[in-house]
Amino acid sequence: MGARYISVWFPHLRTDWFALGDPTFHNRPFVLRTTDHGRMVISATNIHAERKGIHKGLVLADARAIVTDLEAIDDIPDISVRILTELAQWCVRFTPVAAVDPDDGLLLEVSGCAHLWGGEQCYMHAIESRLNARGYGVRLGMADTPIVAWAVARFETETLRVETHQLRNILMTLPPEALRIETDAIQRLHKLGLHRIAQFINMPRNVLRRRFGRTLLDQLDKALGDQVDVIVPVVLPSQYIERLPCLEPVATRAGIEFALEELLVALCGKLQREQKGLRQAVFKGYRVDGVTIETKIGTHRPTHHVAHVRKLFENKISQLEPGLGIELFELEAKDIEDNPVEQERIWEKSSGLDDERLNELVDRLLDRGGIEVSRFVAAEHYWPERSFKKSVDVSESPAISWRTDVLRPSHLLSPPELIDVTAPIPDYPPMLFVYEGKIHRVVKADGPERIEQEWWLQQGQHRDYYILEDENGVRYWIFRLGHYHDSNYKWFIHGFFA
Amino acid sequence: MRYTELQVTSNFSFLRGGSHPEELVKQAVALGYSSIAITDRNTFAGIVRAHVEARKSGIRLIPGCRLDLMKGPALLAYPRSKEAYASLSALLTRGNMRAEKGKCHLHFEDVVEFRKGSQFIVIPPSSLNDLYELDPLFVADLRRYKAAFGDSLYLAVSRMYIGNDAKLLHRLHKLSQLEKVPVVATNDVHYHHPLRRELQDVVTCVREKCTIQNAGFKLCQNAERYLKPHEEMVRLFQQYPNAIEMTSVIAESCQFSLSELKYQYPSEVTGKGDPQDELTRLVWKGAHRIFGNDVPEKVTTAIHHELTFIGEMSYAEYFLTVYDLVRFARDRNILCQGRGSAANSTVCYCLGITSVDPSKFELLFERFLSAARNEPPDIDVDFEHERREEVIQYIYKKYGRHRAAIVATVTQQHHKGAIRDVGKAMGLSVDTINRLSSSMWEFSDEWFDSETIAKHGLNPNDQTLRKVLELTAQFIGFPRQLGQHTGGFVITEGQLSDLCPIINARMEDRTNIEWNKDDIEALGFLKIDVLGLGMLTCIRKAFTLAKDHYGLNLTLANIPQDDQAVYDMVSHADTIGVFQIESRAQQSMLPRLRPKCFYDLVIEVAIVRPGPIQGDMVHPYLRRRNGEEPVEYPSPELELILKRTLGVPLFQEQAMKIAIVGAGFTGAEADELRRSMATFKAKGMVSSFEEKLINGMLKNGYTEEYARKVFRQLEGFGSYGFPESHAVSFALLVYVSSWLKCYYPDVFACALLNSLPMGFYQPAQIVIDAQKHGVEVLPADVNLSNWDNALEEKKGKFCMLRLGFRQIKGMSEADAQLIESCRGQGFTTIQNLRANGISDATLELLADADAFRSIGLDRRQALWQVSVKEKPTPVFRAGENNSNDEHIHALPKMSLSEHVLHDYASTSLSLKAHPVSFVRGQLQSLGVVRSKDLSQMKDGDRVKVAGLVLVRQRPGTASGICFITIEDEAGCTNLVVFEKLFNQFRPEILQSSLLMVEGKLQIEGEVIHVIVSRCFNYSGLLRQMTRDGREDLNTAPLSRAEERSATSDVRSQSKPEFIQGKIFPEGRNFK
């Protein structure tokens, strides 16, 4: 028996996919939009929009003139291939050889599969209805060659199965587009009045070749099965899951730890080989009484370091109730990220933020719970309270480095504290101030530095900052809130210099 | 000791300053300054405005600029004299010319070269280095500057409140003493009021392409860069009182004022003698040429009168300059026509600037306003649009680029762009920005109305949004860039750069100055508008054809005047292609107005415009003209003004004169009114005028109702005012094009086709119209056509019109010339063409256009041969023809209807048949009548008509009504769709190429409309015209609607265009 192919066509692939996310889109016209030369252009339509005459390539404004309440969502570039790849992987339940057929289809090699589903008719029906159930409108074509299957799905009015003996006849009735040749050749064929393949299939090959190129002949041969069409099936994603069945149910901590170690070595080894690292891992035990117990850990950075992950799990193992015993262990890496192996440096110990051990320490501290681990990084704001921010991510590199062009205190009070000040107006530095009940006489002063409110964040008065040194040589950062014109200005202490 | 602010950045330092120059000057006045400088970055673009404002308020503007050098600290420069100003201007010009548009590259050496007579202030760094010292590089630069500028150099000191002010001032002061460069206080002003800081932050974000949230240190730390009161500046510098004093020293030393700039006419135009004598000589010479030796007395009087006036106002040079351009154009056989108030004078008629005989109408020569304002008269000259560049280059060549340049247009922030920029800077989502900018609202107070905001689906309580609207309101009207005026030229006697810096325009070979026409006008410079007009190109081509084929020597002036046949034709709205009166609105006006004389055409041109329509002046005029309503005047004084238009104001001049005579406006006020009318709604200045006008008219005894009506009419003119003086010049072209169409439809159609694109109609309508007038039109052919459409020998009354290659989509002129040049005795095979190097792509275009008939091939056969990609090798050349013909018989034969569709696809027209004729049978069985049968029916009959959609229009003046013109094989039908129905039948109206409508007939004399009640998309019928070979697929009943759309989807993607019906030129939409 020769090969059989099914082509699956998704007339509204992307809009169907978008509608999955928002069911309200099912019953009203909507389109995807993209910018083309500065104009908003429709890149895909759903069935309702299409029925109202909206088609791909229309300028959105024109379409809105026709359908006033047309909904438009921003298209996501290359989403088609992603969706199709997922769908192709999903189709592995029907056939081991499923391929993405851009831009809007799948190609399944189904030789010898159909009988498992009760014949080709039932098989096609199963695929169609399952895909419909997933939310995708589809049409299928089945034939001995991929090209004919593709064409039949698109150019016939309903899902169609082409028997081997019908192949040539059906092909003859199809338009030249069915051969998947360049638009230029298709247009020329139509202009010449050759609207169906039947009208030229019997012309001498050299006549066709000279006018429409080699491709046309190749495609014809492929369509008729005289030349083999190559199909590239999708590769299933690899799974980061390891299982360890036990001959005897395990109920001891030592046994569980041993199982964990086994699984960790296997999983981390795999991750390391693929230059990946886990951010989350789940350790599961299937108990003899049918109960599943599990515990999770998370890491700060992707890792495949066995000892580190083991350390994180160590505190959790006691939470696992082995009951009468566990007969199957499973360790799954849930969240995988790329973790490229870096060149090891022999002479230089990595240190500072890059030190692996720092990250592991952070993981362990966080794992204990109740401890906040963070650091300060500079933020690009004049307003002192916003000129830094807390970061919990060790690897976060700040956008700017700390300012050195202006003096800033090393200790900032949060919030600034109201103080009493004696200062000559209008904007001279204070002569003395009272802080925490103590009078400080100012011997040296600098300022003012005026910092205005960031008006887009909050309204209010500006601050005039002064750096003061008291008779003890201690330096303070204080400010006057409000302009000296206003009678209601106030003085605050905001920080201390080292 | 007066403080003068010497460092002021206005918004003409694009995206840096936060205030208009006018605002800065006004604020300076309010603060009691006696003078202020404007120092924009490498430009003088904003100083004229500031100067005008300062002149008004009685303070002094110190012109200046900030010189940002390629290397080294920036300098502020102030000219002390006219000569110094000229050098600075020349300096900026040099910087501009060596950089691309919008940039200015200056080096220290340039400044040194042009330093004479100017004061300079060097701008120090804004902070000290880590050692609390000034950057040694700056110190070195300062020494260098000092060596070059000597005592003319000062050092700027500013209190920026950024921490180390005291230390910085101290260091600068020390340095100043050491280097003997006096310090001078400035406040580096960027906005006139502290509240503008927000907008200034936003423009910084626009400039830096960031949002306010992530702009960070790109913004200023505080709001201190505003124009501060005198006392405050004195206080800030109380330790350095010299710095304050030095400002007045500099201010006093820079006494140069822009008023000193004196415009001088180029001397070339006058020759050696006195300009007035020269003008008098030329005018009389012209008068004798036109009238012979017996110049009529009326003309003589007019000439004397006008010449005296010109002499009194010293406008002779201006007329001579315009005359010079016109003479050049005439020598080169470029058609031109002057317009504008002064253009319609006897003098201009004698000089040949205009061809409108001034005795045809009565316009006062001293246009009211010009005389009052004492500014140059207004003459715009239209040239053939295809050859205007020749005139422009002539000007450059004759006067030199250093003496002639185009005036700038200051592109302003319009509300759409402003809201986009502000919204983006404020970090609004793209979606919100789109919603804000696409909502059609003009800027107004309504913006801040909660309900209005909510109606657009936005949250009215959103503070950010409110802030965006508020800042947008401030941002609107900010200058954004200096563009090039459409054709306004400034020509001077001396170096133009003595007056104003010159910049590179974006277009190659063009330069323009930094000032726009208002600036020019404020300083009293001469400006000549050199404009392009498509119809002049068409008329010139028609004159040439008329000479070649009919031996006529036509000019704009010698076309027989007042020809009744021409007016008859016009009265029947037979005006396709005619200048100005070919639109549908004009066509339905013509049979009502029935123009009988030249002045009627003037009115016709002016009446179908938004102004009169919005002002509700059309119907009263028609009623009065037809004697249905008495002609009355509200007062005898207005009778003088309104007599020509039967008491209804139709022209801009009339509106202004009513304001003057009726409401007691002064000439200047009326002029301000005219200006504000153009920008009416945008600025909200209207209301003050409204009150003044109405009160004035009440006082003079007019009724309030009439006063309000006049104001409404003025408002109408606001957006689209049309002066009588322009209408007169246009009317002449209307007459000339009508005359040509009436007597030589072949010549007219050919010239029109060769001048496209212009006007309202597609080639198909022009060709059909020509055929209707008895012109035989022949198809384009490889052996018979040229690039241009051409006239062949006479057949019947007229010459036959041979379509040219330019009608074929995708053909280039070069390809066409190649074909013409290698045609020789004519091509006999396609191989002939190929051997001459004509590309396959061109051959395919020709095949598609069915242009191989003279070789005996139809388009399909030709394409079959053209398609062969491989060239036969020489060995087999003998057999090539046979191999090309192989299987040609196997091709399906093309039906006539298919040919017609392909004709449309390739040339947008078909000479074989009209597409609708093929479906006439089906249409007839559905009861659809032909367009030409409508006139046989009666008003109110219910009818069905169908046709190709030519034009869809929804003019803003017609409250949502859509006007559609459809065309069938017999002619055109005009449809009217009311708003409700339009919404109901939106898809049909917008998507049909063949539209069928049911409706009620409305016949008013010769004007026939169908008031539509239902619409149907019949484009499907056209699809049947292609013998697709797959009709089965087209018509097969589909089980599910989903599948129908699914199939059509694939087809529309991959089948050639004609399935989509796109081959028909898309109807002009709503423009």
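Below is a summary of the structure that appears in this document. (Residues numbered from 1 in each chain as written. Chains lettered and ligands numbered in written order. Predicted model: local features only at pLDDT ≥ 70, side-chain atom pairs only at ≥ 80, totals over all residues. Heavy atoms only, no water.)

## Considering the overall build of chain B
Within chain B one finds 48 helices and 22 strands. Buried residues in chain B amount to 58% of all 1071 residues. A sequence separation of at least 24 residues applies to 72% of the contacts in chain B between residues at least 6 apart. A total of about 43,500 Å² of accessible surface is found on chain B, and carbon and sulfur atoms cover 51% of it. (Helix = DSSP H or I, 4+ residues; strand = E, 2+ residues; numbered from the N terminus. Buried < 20%, exposed > 50% of the residue type's maximum accessible area, 1.4 Å probe, protein only. Contact = heavy atoms within 4.5 Å. Areas by Shrake-Rupley, 256 points an atom, 1.4 Å probe, with all protein chains shown as cover.)

## Comments concerning the overall build of chain A
On a plain count of helices and strands, chain A comes out with twelve helices and 20 strands. Computed over C-alpha atoms, the radius of gyration of chain A comes to 35 Å, more than 25% over the 23 Å expected from 2.2 N^0.38 for 498 residues, which places it beyond the range of a compact globule. On the principal axes, the C-alpha backbone points of chain A span a range of 105 × 70 × 50 Å. Every one of the 498 residues in chain A was classed for burial, and the buried ones make up 48%. Contacts in chain A between residues at least 24 apart in sequence constitute 56% of all its contacts with a sequence separation of at least 6. Total accessible area on chain A is roughly 24,900 Å²; 51% of this is exposed by carbon and sulfur atoms. Seen as two clouds, the 60 positive and the 72 negative side-chain charges of chain A have centres 4 Å apart. (Rg over C-alpha atoms; globule rule 2.2 N^0.38 Å. Lys, Arg positive; Asp, Glu negative; His and termini not counted. Charge placed at Lys NZ, Arg CZ, Asp CG, Glu CD.)

## Notes on a positive patch on the surface
Residue and element names in this part refer to chain B. Positive charge collects at one region of the surface, where Lys 209, Lys 416, Arg 420 and Lys 424 lie side by side. For Lys 209, the location among the structural elements is in the loop between helix H7 (197-208) and helix H8 (230-236). Under the relative-accessibility criterion, Lys 209 is labelled exposed at 75%. (Patch = residues over 30% accessible without salt bridge, like charges linked within 9 Å, V, L, I, M, F, W, Y side chains within 5 Å. Salt bridge = Lys/Arg side-chain N within 4 Å of Asp/Glu carboxyl O.)

## With respect to the pairing of strand E8 (residues 380-384) of chain B
Residue and element names in this part refer to chain B. Counting buried positions along E8 gives five out of five residues, so the element sits mostly inside the fold. Note: strand E7 (residues 336-339) against E8, four bridges, orientation antiparallel. Across the sheet, Gln 337 pairs through a bridge with Asp 382, a residue of E8. Both E8 and strand E13 (residues 528-533) contribute to a ladder of five bridges, which runs parallel. Within E13, the position partnered with Val 381 by the bridge is Val 530. (Pairing = 2+ DSSP bridges.)

## What to know about the interface of chain A and chain B
With 69 residues of chain A in contact, the opposing surface of chain B contributes 73 residues. When the area that chain A buries against chain B is broken down by residue, the three leading residues are Arg 210, Arg 211 and Trp 455 of chain A, summing to 14%. For the pair chain A and chain B, the number of links is six salt bridges. For Asp 446 of chain A, the salt bridge identified is with Lys 167 of chain B, shortest N-O distance 2.2 Å. Where chain A packs against chain B, one counts 20 residue pairs in polar contact (both at pLDDT 80 or more). Every element with two or more residues in the side of chain A that touches chain B is listed here: helix H2 (47-51), helix H3 (60-66), helix H6 (146-155), helix H8 (183-191), helix H9 (205-224) and strand E17 (438-451) of chain A. Of the residues belonging to the side of chain A that touches chain B, the class tally is 29 nonpolar, 16 polar and 24 charged. (Buried area = accessible area lost by both parts, 1.4 Å probe. Polar contact = N/O pair within 3.5 Å; in protein donor to acceptor, adjacent residues only side chain to side chain. Nonpolar A, V, L, I, M, F, W, Y, C, P; charged D, E, K, R; others polar.)

## Here we look at the packing of helix H21 (residues 534-550) of chain B against helix H34 (residues 745-755) of chain B
All names here are of chain B. At a closest axis distance of 8 Å, the pairing of H21 and H34 adopts a crossing angle of 135°. Viewed along their axes, H21 and H34 adopt a mutual orientation that is oblique. As for the relative orientation of H21 and H34, their crossing is right-handed in sense. Where H21 approaches H34, its residues Thr 537, Cys 538, Lys 541, Ala 542, Leu 545, Ala 546 and Tyr 550 are matched on the opposing element by Asp 746, Val 747, Phe 748, Cys 750, Ala 751, Leu 752, Asn 754 and Ser 755. (Axes fitted to C-alpha atoms, helices over the stretch in contact; angles between N-to-C directions. Parallel < 35°, antiparallel > 145°, perpendicular 65-115°, else oblique. Left-handed = near helix turned anticlockwise from the far one by under 90°.)

## Section: the sheet that holds strand E11 (residues 292-303) of chain A
All names here are of chain A. Within the open sheet, the four strands sit side by side as E9-E12-E10-E11. Their pairing is antiparallel. Because the sheet does not close on itself, it has two edges, and the strands there are strand E9 (241-250) and E11. Looking at each pair of strands side by side, their axes are set apart by 15° on average, direction ignored. With eight bridges joining them, strand E10 (residues 276-287) and E11 adopt antiparallel strand pairing. Along E11, the bridge assignment pairs Lys 284 with Glu 294.

## Looking at the sheet that holds strand E8 (residues 160-161) of chain A
All names here are of chain A. Reading across the sheet, the five strands line up as E5-E6-E1-E7-E8 and stay open at both edges, with mixed pairing between neighbours. Lying at the two open borders of the sheet, with one neighbouring strand each, are strand E5 (97-101) and E8. Here strand E7 (residues 139-143) runs beside E8; their pairing, made up of two bridges, is parallel. Bridge pairing links Gly 141 to Leu 160 in E8.

## Describing the packing of helix H38 (residues 840-848) of chain B against helix H39 (residues 859-866) of chain B
In a packed pair of helices, the relevant descriptors are the angle between the two axes and the axis-to-axis distance. Residues and elements named next belong to chain B. As a packed pair, H38 and H39 sit with axes 8 Å apart at the nearest point and diverge in direction by 165°. Taken together, H38 and H39 sit at an angle that is classed as roughly antiparallel. Regarding H38 and H39, the two cross each other, and that crossing is left-handed. Residues Asp 840, Leu 843, Glu 844, Ala 847 and Asp 848 of H38 pack against Arg 859, Ala 862, Leu 863 and Val 866 of H39. The class makeup of the residues in the contact of H38 with H39 is five nonpolar, no polar and four charged.

## Description of the pattern of salt bridges
Under the criterion given, the structure shown has 83 salt bridges over all chains. The shortest N-O distance in the salt bridge between Glu 232 of chain B and Arg 235 of chain B comes to 3.3 Å. Of this pair, Glu 232 of chain B and Arg 235 of chain B both sit in helix H8, three residues apart, which is roughly one turn of that helix. Both residues of the pair, Glu 232 of chain B and Arg 235 of chain B, count as buried. Glu 704 of chain B is the salt-bridge partner of Arg 708 of chain B, the closest N and O atoms lying 3.0 Å from each other. You can see Arg 708 of chain B and its partner Glu 704 of chain B sitting in helix H32 (residues 704-720), four residues apart, about one turn around the helix. Assessed through its relative accessible area of 39%, Arg 708 of chain B is described here as partly exposed. Several salt bridges share partner residues, and in doing so they unite Arg 4, Glu 120, Asp 144, Arg 161 and Glu 163 of chain A into one network.

## So, the pairing of strand E3 (residues 39-45) of chain A
Residue and element names in this part refer to chain A. Of all the seven residues making up E3, five are buried; the element is thus mostly covered by neighbouring parts of the structure. With six bridges connecting them, strand E2 (residues 30-36) and E3 associate as antiparallel partners. Looking across to E3, one finds that Thr 34 is bridged to Val 41.

## Thoughts on helix H26 (residues 618-625) of chain B
Turning to H26 of chain B, its buried residues are Val 618, Pro 620, Tyr 621, Leu 622 and Arg 624 of chain B. Positive backbone phi, approximately 75°, marks Gly 627 of chain B, located one or two places after H26 of chain B.

## Here we look at the environment of Arg 802 of chain B
All names here are of chain B. Position of Arg 802 relative to the elements: it lies in strand E16 (residues 798-802). Arg 802 gets classed as buried once you look at its relative accessible area, which sits at 9%. Considered as a pair, Arg 802 and Ala 780 are 22 residues apart in the sequence and their alpha carbons are 6.5 Å apart. Non-local contacts of Arg 802, meaning those with residues more than four positions away in its chain, are made with Leu 778, Pro 779, Asp 781, Leu 784, Ser 785, Asn 789, Ala 790 and Glu 792.

## Quick notes on the environment of Thr 93 of chain B
Mapped onto the secondary structure, Thr 93 of chain B falls in helix H3 (residues 82-97). As for Thr 93 of chain B and Ile 502 of chain B, which are separated by 409 residues in sequence, their C-alpha atoms are 5.0 Å apart.

## What to know about the packing of aromatic side chains
Counting across every chain of the model gives 42 aromatic pairs over all chains. Ring plane angle 50° and centroid distance 6.3 Å describe the contact between Trp 515 of chain B and Phe 525 of chain B, whose orientation is recorded as tilted. One end of the pair, Trp 515 of chain B, is in strand E12 (residues 511-516); the other, Phe 525 of chain B, is in the loop between helix H20 (517-522) and E13, and ten residues separate them in sequence. The two residues Trp 515 of chain B and Phe 525 of chain B agree in class, both being buried. Their ring planes at 90° and their centres at 5.2 Å tell us that Phe 579 of chain B and Phe 730 of chain B sit as a pair that is edge-to-face. Residue Phe 579 of chain B is found in the loop between helix H22 (564-571) and helix H23 (584-593), and its partner Phe 730 of chain B is found in helix H33 (residues 724-743); the two are separated by 151 residues along the sequence. Each residue in the set Trp 90, Phe 94, Trp 117 and Tyr 123 of chain A is aromatic and connected to the rest through ring pairs, giving one cluster. Over the aromatic face of Tyr 161 of chain B sits the side chain of Arg 159 of chain B, whose NZ or CZ is 5.5 Å from the ring centroid. (Phe/Tyr/Trp six-rings, centres within 6.5 Å; stacked < 30°, edge-to-face > 60°. Lys NZ or Arg CZ within 6 Å of the ring centre and 35° of its normal.)

## Some words on unusual backbone geometry
Leave glycine aside and you will find that most residues have negative phi; peptide bonds, for their part, are mostly trans. Cis geometry is adopted by the peptide bond preceding Asp 103 of chain A, which originates at Pro 102 of chain A and carries an omega value of 0°. Mapped onto the secondary structure, Asp 103 of chain A falls in the loop between E5 and strand E6 (105-109). Omega for the peptide link from Ser 414 of chain A to Pro 415 of chain A comes to -5°, which places this bond in the cis form. Backbone geometry at Asp 188 of chain B places phi at a positive 40°, although glycine is not the residue there. Assignment of secondary structure puts Asp 188 of chain B in the loop between strand E6 (183-185) and H7. Residue classification places Asp 188 of chain B among the buried residues on the basis of a relative accessible area of 8%.

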